[in-house]
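# Architecture at a glance
The lines below spell out each chain.
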Amino acid sequence: MKLVHSLLLASSLCSLAWSWSLQATIVEFRTSLGNFEVNLFDEITPKTVENFLQYVEDESYHNSVIHRLVPDFVVQGGGFAYSGELPLDVIPARAAVQNEPKLSNRKGTIAMAKLENRPNSATNQWFFNLNNNHAGQPQLDTQNGGFTVFGQISEQGMEILEAIAALPRFNLGGAANSMPLRNYTNADAAAGKTVTAENLVLIESVVIVDARSNTAAGLNPVANTLIEQQPQQDNDLDNGGSLAWLVVGLTGILLVRRRRR
């Protein structure tokens, strides 16, 4: 009986640990340019946060890369990983999550990327808003059913995002047609110099640092009021600024392979 009781207790503790981790509201992004925290809005956008944390728990974002930068607009990642050499790996995507466009796409927020004209198609890719992208052009609070904001970056994190935004961009094909690279020049590209870990903006890991479920209570995210006032806009963003993404079509240097779980 003591053995059975011990096993049951161990099982209960494991279950509690799993439930505790899934309620996490603060995660830390550990990157090649520094570390920063993101407070997740699990009480406002629970489905999206749970989806994101599944990828965190699975370590899917370990050694992932920032594959897209549009200055004064977004920094995007979550779709591709680096395993020591090119080609990049495609991070396997789970089932799509239901859209939760409750919060506004303001500077410093993290939101889910998705397929064009498919509001409920978000899986593993996300982006940070470098500017207030809620209204005007683009209008991310209404376009494609509204893009789901599910977290807020720390002040230190905003400095790191701005450092990423200052990097030169290179067209490496497909989804990496606006990729930020470090210590890499146009002359390097013209000479066909191999892109290595020293050039990529790597996300070494995303880890849970605070699992309390109400840590965002002191924050004041802006509500998305435009989604209720205006009809849904499904038009693609102009000049290559679309947040629709595809995990196919990378060509040239960045031929990709599927990453194993």
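For the structure itself, look to the data block above.
A brief structural summary. (Residues numbered from 1 in each chain as written. Predicted model: local features only at pLDDT ≥ 70, side-chain atom pairs only at ≥ 80, totals over all residues. Heavy atoms only, no water.)

Per the secondary structure count, the protein includes five helices and 12 strands. Burial statistics for the protein: of 261 residues in total, 49% are counted as buried. Long-range pairs, those at least 24 residues apart, make up 74% of the contacts in the protein between residues at least 6 apart in sequence. Taken as a whole, the protein presents about 12400 Å² of accessible surface, with 51% of it coming from carbon and sulfur. (Helix = DSSP H or I, 4+ residues; strand = E, 2+ residues; numbered from the N terminus. Buried < 20%, exposed > 50% of the residue type's maximum accessible area, 1.4 Å probe, protein only. Contact = heavy atoms within 4.5 Å. Areas by Shrake-Rupley, 256 points an atom, 1.4 Å probe, with all protein chains shown as cover.)

A separate point is helix α2 (residues 46-57). Between the first and last C-alpha of α2 there are 16 Å, a value that for 12 residues agrees with the 16 Å anticipated at 1.5 Å per step. Taken together, the buried positions of α2 are occupied by Thr48, Val49, Asn51, Phe52, Leu53, Gln54, Tyr55 and Val56. One or two positions beyond α2, positive phi appears at Glu59, with a value near 60°. (Expected span 1.5 Å × (residues − 1).)

Below, the discussion takes up unusual backbone geometry. In this chain, Gln137 is followed by Pro138 through a cis amide linkage whose omega measures 5°. Within the fold, Pro138 resides in the loop between β7 (126-129) and β8 (149-153). The backbone of Asn117 sits at a positive phi, close to 60°, despite the residue not being glycine. Mapped onto the fold, Asn117 is located in the loop between β6 (109-112) and β7. At Asn183, a residue that is not glycine, the phi angle is positive and equals roughly 50°.

With the rule as written, the count across this model stands at 12 aromatic pairs. Ring plane angle 75° and centroid distance 5.8 Å describe the contact between Phe36 and Phe128, whose orientation is recorded as edge-to-face. Of this pair, Phe36 sits in strand β2 (residues 34-40) while Phe128 sits in strand β7, and the two are 92 residues apart along the sequence. Of the two residues, Phe36 and Phe128, both sit in the buried class. Counting every residue linked through ring pairs, the aromatic cluster contains Phe29, Phe36, Phe52, Tyr55, Tyr61, Trp126, Phe128 and Phe150. The lysine or arginine in question, Lys114, covers the ring of Phe147, its NZ or CZ lying 4.7 Å from the ring centre. (Phe/Tyr/Trp six-rings, centres within 6.5 Å; stacked < 30°, edge-to-face > 60°. Lys NZ or Arg CZ within 6 Å of the ring centre and 35° of its normal.)

Attention shifts here to the pairing of β8. Most of β8 is tucked away: four of the five residues are buried. In this sheet, β8 lies alongside β2 in antiparallel orientation, the contact comprising three bridges. Counted as the bridge partner of Val38 is Ile153 from β8. Note that β6 and β8 share three bridges and pair antiparallel. (Pairing = 2+ DSSP bridges.)

Bringing helix α3 (residues 155-165) into the picture now. For α3, the complete set of buried residues consists of Gly157, Met158, Ile160, Leu161 and Ile164. Summarising the axial view, the buried residues of α3 lie within an arc of 160°, below the 170-degree limit, and thus occupy one face. What points out from α3, more than 90 degrees from its buried face, is the exposed set Glu155 and Glu159. (Arc of directions from axis to C-beta.)

Moving on to the nonpolar core. Counting residues in hydrophobic clusters, the biggest one holds 33 residues, and the most contacted among them are Phe29, Val38, Phe52, Trp126 and Phe128. The element contributing the most residues to this core is α2, with five residues. If we ignore the near neighbours within four places in the chain, the residues touching Phe52 are Val27, Phe29, Leu40, Tyr61, Trp126, Phe150 and Val206. Ranked by size, the runner-up nonpolar core spans 15 residues in total, among them Val65, Tyr82, Leu172 and Tyr184. (Core = buried A, V, L, I, M, F, W, Y, C linked by side-chain atoms within 4.5 Å.)

Inspection of the entire model under this criterion finds two cavities of 30 Å³ or more. Taken together, Phe29, Thr31, Phe36, Ile66, Val75, Trp126, Phe128, Leu161, Ile164, Val201 and Ile203 make up the lining of the largest cavity. Of all the elements in the fold, those that place two or more residues in the lining of the largest cavity are β1 (26-31), β7 and α3. When the residues that make up the lining of the largest cavity are grouped by side-chain class, the tally is 10 nonpolar, one polar and no charged. Of the voids in this model, the second largest cavity is the one considered here, and its volume is about 30 Å³. Surrounding the second largest cavity, Thr48, Val97, Gln98, Asn99, Glu100, Met112, Pro119, Ala122 and Thr148 form its lining. By residue class, the composition of the lining of the second largest cavity is four nonpolar, four polar and one charged. (1 Å grid on protein atoms, 1.4 Å probe; cavity = no way out; pocket = protein on both sides within 12 Å on 5 of 7 lines; lining within 4 Å. Points joined across faces, edges and corners; volume = space filled by probe spheres on them. Nonpolar A, V, L, I, M, F, W, Y, C, P; charged D, E, K, R; others polar.)

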